[in-house]
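Below, each chain spelled out in residue letters.
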Amino acid sequence: MTAPHQQTPATVPALLPPALAAELGALHPDQRAAATHHANIAVLAGPGAGKTRALVARVGYLLATTSRHRGVAALTYTETAAHETTVRLHHLGLHPGRRLSSTTVHAFCLHHILRPYGRLIGDPLPADLTIPDTSACRQLWDTAAYESGLDVNPNNRTTLERLRRLIAAGEPIADYPRQYPRAVRRYEQLLRDHDTLDFEAMTIRALDLLRESRTAREQLVARFPHFVVDEYQDLGPVLHALVLTLLDAGVGITAVGDPDQVLYAYQGASPRYLTQLSNRPDFRRLRLRVNYRSGSALISAGHAVLGQDRGYHAAPGRDDAGAVTILHADGDIDSHAARTVEVLNNRLATGTPPEDIAVLYRSKGPLLDALTTAIRAAQIPLDSEKQRRRPSGPLADLIAACATRRLTGPLPGPPPQTSQHRAAEQPASPLPEPFASWPQPGIANSSWPTTTTRPTPSAPCHDAWRRSWTPPTAKPQPTRRGSSSPHCGTP
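Residues numbered from 1 in each chain as written. Predicted model: local features only at pLDDT ≥ 70, side-chain atom pairs only at ≥ 80, totals over all residues. Heavy atoms only, no water.

A.B. asks: How would you summarise the overall build of the chain if you had to cite specific residues and measurements?
C.D. replies: In terms of regular secondary structure, the chain is built from 17 helices and eight strands. For the chain, restricting intrachain contacts to residue pairs at least 6 apart in sequence, the fraction spanning at least 24 positions comes to 74%. Surface accessibility of the chain: about 24,900 Å² in total, with carbon and sulfur atoms responsible for 53%. (Helix = DSSP H or I, 4+ residues; strand = E, 2+ residues; numbered from the N terminus. Contact = heavy atoms within 4.5 Å. Areas by Shrake-Rupley, 256 points an atom, 1.4 Å probe, with all protein chains shown as cover.)

A.B. asks: Lay out the packing of aromatic side chains with the relevant residues and their values.
C.D. replies: By the definition in use, this model includes five aromatic pairs. Linked through ring pairs, Phe108, Phe224 and Phe227 together constitute an aromatic cluster. (Phe/Tyr/Trp six-rings, centres within 6.5 Å; stacked < 30°, edge-to-face > 60°.)

A.B. asks: Just give me the short version of helix α5 (residues 105–117), but keep the residues and values in it.
C.D. replies: Here α5 contains 13 residues, and its C-alpha end-to-end distance of 17 Å stays within 8% of the 18 Å for a straight helix at 1.5 Å per residue. Burial of α5 is extensive: eleven of the 13 residues sit out of reach of the surface. What α5 keeps buried is the set Val105, His106, Ala107, Phe108, Cys109, Leu110, His111, His112, Ile113, Leu114 and Tyr117. On its buried face, α5 is in contact with β2 (72–76), β3 (100–104), α9 (199–212), α10 (214–223), β4 (226–229) and α11 (237–249). (Expected span 1.5 Å × (residues − 1). Buried < 20%, exposed > 50% of the residue type's maximum accessible area, 1.4 Å probe, protein only.)

A.B. asks: If you had to explain the nonpolar core to someone new, which residues and values would you point to?
C.D. replies: Leu197, Leu220, Phe227 and Tyr232 are the most contacted members of the largest nonpolar core, which totals 64 residues. The dominant element in this core, judged by the number of residues it contributes, is α9, at eight residues. Residues in contact with Leu220, not counting those within four places in the same chain, are Phe108, His112, Ile113, Tyr117, Leu210, Phe227 and Leu246. (Core = buried A, V, L, I, M, F, W, Y, C linked by side-chain atoms within 4.5 Å.)

A.B. asks: I'd like a description of the packing of α9 against α10, backed by residues and values.
C.D. replies: Viewed as axis vectors pointing N to C, α9 and α10 meet at an angle of 100°, and their least axial separation amounts to 5 Å. When the interaxial angle is binned, α9 and α10 end up roughly perpendicular. Contacts between α9 and α10 pair Leu209, Leu210, Arg211 and Glu212 from the former with Arg214, Ala216, Arg217 and Leu220 from the latter. In terms of residue class, the contact of α9 with α10 is made up of four nonpolar, no polar and four charged. (Axes fitted to C-alpha atoms, helices over the stretch in contact; angles between N-to-C directions. Parallel < 35°, antiparallel > 145°, perpendicular 65-115°, else oblique. Nonpolar A, V, L, I, M, F, W, Y, C, P; charged D, E, K, R; others polar.)

A.B. asks: Kindly report on the layout of surface pockets, identifying the contributing residues and their values.
C.D. replies: Taken as a whole, the second largest pocket holds about 950 Å³ of empty space. Among the elements of the structure, α14 (333–349) and α15 (366–377) are those that each provide at least two residues to the lining of the second largest pocket. At eight residues, α14 tops the list of elements feeding residues into the lining of the second largest pocket. A class-by-class count of the residues in the lining of the second largest pocket yields twelve nonpolar, six polar and five charged. (1 Å grid on protein atoms, 1.4 Å probe; cavity = no way out; pocket = protein on both sides within 12 Å on 5 of 7 lines; lining within 4 Å. Points joined across faces, edges and corners; volume = space filled by probe spheres on them.)

A.B. asks: Help me get a handle on the sheet that holds β3, residues and values and all.
C.D. replies: As summarised here, the arrangement of the six strands in space is β3-β2-β4-β5-β1-β6, forming an open sheet in which the pairing is parallel. Every interior strand has two partners, whereas the edge strands, β3 and β6 (284–288), have only one. With direction set aside, neighbouring strand axes in the sheet form an average angle of 15°. Pairing of β2 with β4 involves four bridges; the strand directions are parallel. The partner of Ala74 across the bridge, within β4, is Val228. Against the sheet, helix α3 (residues 51–65) contacts β1 (41–45), β2, β3, β4, β5 (252–257) and β6, and its axis sits at roughly 170° relative to β4. (Pairing = 2+ DSSP bridges.)

A.B. asks: So what's going on with the packing of helix α7 (residues 154–169) against α9? Which residues, and what values?
C.D. replies: The interhelical angle for the contact between α7 and α9, taken along N-to-C directions, is 10°, at an axis separation of 10 Å. With respect to α9, the axis of α7 lies roughly parallel. Two secondary-structure elements touch here, α7 through Arg164, Arg165, Ala168 and Ala169 and α9 through Glu200, Ala201, Ile204, Leu207 and Arg211. In terms of residue class, the contact of α7 with α9 is built from five nonpolar, no polar and four charged.

See below:
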């Protein structure tokens with residue numbers, strides 16, 4: 001949690017909800033500047049810099065200082081992050097209802113652009129729209145590749161997905177042989193032929209619609225004059241182009257991210273988009289440099305890995321510098337795995353709980369196999385990547401939400417009131433629109449497919465919808481090579 005900082009009353013605008021005003025007063029001056037800036041801003045938030053706290057305060061401030069007839073779109077990459085923003089705002093005394101759309105980027109494109117405005121350009125969504133799953137998307141890609149004269153293999157599929165984003169964003173594609181753009185066009189046509197929409201198509205078609213329809217742009221800006229985009233460094237070319245289109249239409253943009261923490265580079269994400277935005281003359285660039293999570297020794301190690309000093313420093317008054325110990329392991333992969341087990345046993349013997357230990361590895365394959373085999377042989381509790389899946393359903397969602405709350409710490413704002421205090425209050429307001437992208441038990445949502453699989457709390461937004469669908473039968477295909485490929489329609 002961010003350490004409180006004193007602030008004179010003059011720096012906090014009047015007429016804010018008391019809890020929000022107190023939260024703004026407790027922020028670090030840089031966090032407060034990010035939350036209360038009156039124009040476009042790019043917030044470069046380093047590790048442990050209280051990014052979520054500053055982002056929520058920013059959304060709350062925009063809601064509190066914007067006409068009650070207009071709202072804010074807070075776009076994230078996961079359902080959990082979107083839900084977290086809404087819950088934190090409620091604790092700050094804000095219940096914006098339909099004025100706030102806190103949702104994933106794909107859900108926003110579907111519910112706030114494609115559905116309401118598709119008819120403006122003669123491209124409405126079909127009434128029986130389906131969302132293909134990963135397997136169906138792969139078969140569609142393989143069909144498109146085969147019919148375009150390309151080999152059917154995961155490498156070509158990955159290349160085609162990357163090319164698809166570049167084409168949609170209008171970036172150069174001259175280096176690609178003509179069969180590749182042809183396969184992309186064929187894939188898009190296959191989607192339309194079967195009344196399906198994958199996750200990438202949600203953003204691509206939303207971008208096309210806004211570029212083509214001035215009316216759609218004006219109406220979207222009228223409803224959401226402010227967009228707050230989280231994890232901007234993980235935006236690919238399509239989503240960045242969408243933000244620039246909104247910016248040109250008059251939307252105020254808040255971009256929050258860290259160029260040093262790109263997770264989806266293999267899907268086309270690049271830190272250059274955040275850097276380009278932050279260098280624009282119509283943006284303020286602000287870096288959050290205080291790390292409230294790590295001590296000075298860990299921060300120095302981080303700078304060493306980056307190869308340059310970003311100016312990050314530990315929170316004032318922190319006397320725990322942390323420790324970085326470098327150990328060497330000679331020999332083959334099995335020797336490295338054995339050395340890892342030795343270190344784990346030493347940590348456990350000194351009282352470190354198993355759930356507080358993370359073992360990071362460079363990539364899947366022989367190294368991961370050796371690590372998991374050695375750790376399990378030593379009878380050390382292990383939760384390996386994707387080896388444990390939680391069931392779907394309301395109860396599992398509740399348990400996951402409780403676990404997330406326990407790990408993320410207390411919410412901002414005043415402590416929860418007792419049941420006696422709550423009894424004197426007005427009934428709770430209905431769940432706001434952000435929950436349109438994650439239906440709650442007992443709440444009807446006409447825009448949600450009738451058969452879905454709920455996402456895990458930490459799953460990227462492209463895993464949020466699934467519906468049964470049978471892809472077209474492809475022509476006879478060559479033997480496929482490889483074992484995996486990225487999800488279709490990934491951010």
